[in-house]
Amino acid sequence: MRTPRPLTPARLTALVIFTVTMLSLRAQFDVSQGLMGGAPVGPTLWRMLGYFTVLSNMLVAAAMCAAAMGWSVPPRLAAGLAVWMAMTALIYHTLLSGLWAPQGMAWWADQGLHTAVPILVLVWWWVFAPKPISWRDIPVWLAWPAAYGVYALIRGAVTGFWAYPFLDADTAGWATVAVGLAIMLAAFAAVGAGLVIVAKRLA
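If you're wondering where the values come from, they're calculated on a predicted model, not measured in any experiment. (Residues numbered from 1 in each chain as written. Predicted model: local features only at pLDDT ≥ 70, side-chain atom pairs only at ≥ 80, totals over all residues. Heavy atoms only, no water.)

1. Quick notes on the packing of aromatic side chains
How we decide: For Phe, Tyr and Trp, rings pair up if their centres lie within 6.5 Å, where Trp contributes its six-membered ring, and each pair is then called stacked (planes under 30 degrees apart), edge-to-face (over 60) or tilted (otherwise). Numbering of helices and strands starts at the N terminus; helices are DSSP runs of H or I of at least 4 residues and strands are runs of E of at least 2. When accessible area is computed with a 1.4 Å probe and restricted to protein chains, residues below 20% of their type maximum are described as buried, those above 50% as exposed, and intermediate ones as partly exposed. Note on geometry: a ring has a charge over it if NZ (lysine) or CZ (arginine) is within 6 Å of the ring centre and within 35 degrees of the ring normal.
Overall, the coordinates contain 10 aromatic pairs when judged by the stated rule. Ring geometry for Y51 versus Y164: centroids 5.5 Å apart, planes at 85°, classification edge-to-face. Of this pair, Y51 sits in the loop between helix 2 (41–48) and helix 3 (52–68) while Y164 is found in the loop between helix 6 (138–159) and helix 7 (169–172), placing the two residues 113 residues apart along the sequence. Judged by relative accessible area, Y164 falls into the buried class, the value being 9%. Here the aromatic cluster, defined as three or more aromatic residues joined through ring pairs, consists of Y51, F52, W144, Y148, Y151, F161, Y164, F166 and F188. Against the face of W125 rests K131, its NZ or CZ located 5.0 Å from the ring centre. Of note, R155 hangs over the ring of W46, and the distance from its end group to the ring centre comes to 3.7 Å.

Rendered as C-alpha cells:
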C-alpha cells in the first residue's frame, strides 16, 4: 500500500488557495448568471471565459490543486502565476474598481478574484515556491496576457462583447487599444522583472 504524503505547510497553503479560488469563481458564476437573467450554465460560462481575471484564476486553481496533492509546480509556472495575479489586482484596483460598486455576493466575488487570491498566490510564491527563475522567463510570462489580448480582441470583433473598457475597439479605436495593450505588456514585464530581482535576492 502506498504511504500517504504528509500534509506539509506548502500543501496546506495550496489547499487553502485552491478553496478560496474555487469559492470565488463559484460566487462569480452565480453573480454572472443573475446579471444575465438566470441564463443557462453554458452561456454563463462562455461569458465568464471572456475575462482575463476568470481565466487566470482558473489557472491558479489548477496549479494549487496539483500542489495540494503533492505535485511540484515548475518554478517558471509558479512565478508566472504570481506575475499574472499581481497584474490582475493592479489593473482592477487602479483602472476598474471605480467603474461600479458591487454589493453582496458580487462584492465577495470581486474581492476574492481580484484581491484575496492575488495576495495568497504572492505569499505562496514568496514562502514555498522554488526560486530558480531568470530574465529569460519574462518573455514566457508575457505569452499568456498577449494570447489573451488576441483572443479578447477577436472575440469582441466577432461577438461585440468587450470584456474590459480598455479593450473596446468599437469605442476607443483599434490604434488606442493596441497602444494600451503594449503599455500593459510592458507593465507585465516590469512586474516580472521585479519578481526575478526578488527571487535572486531570496536565493
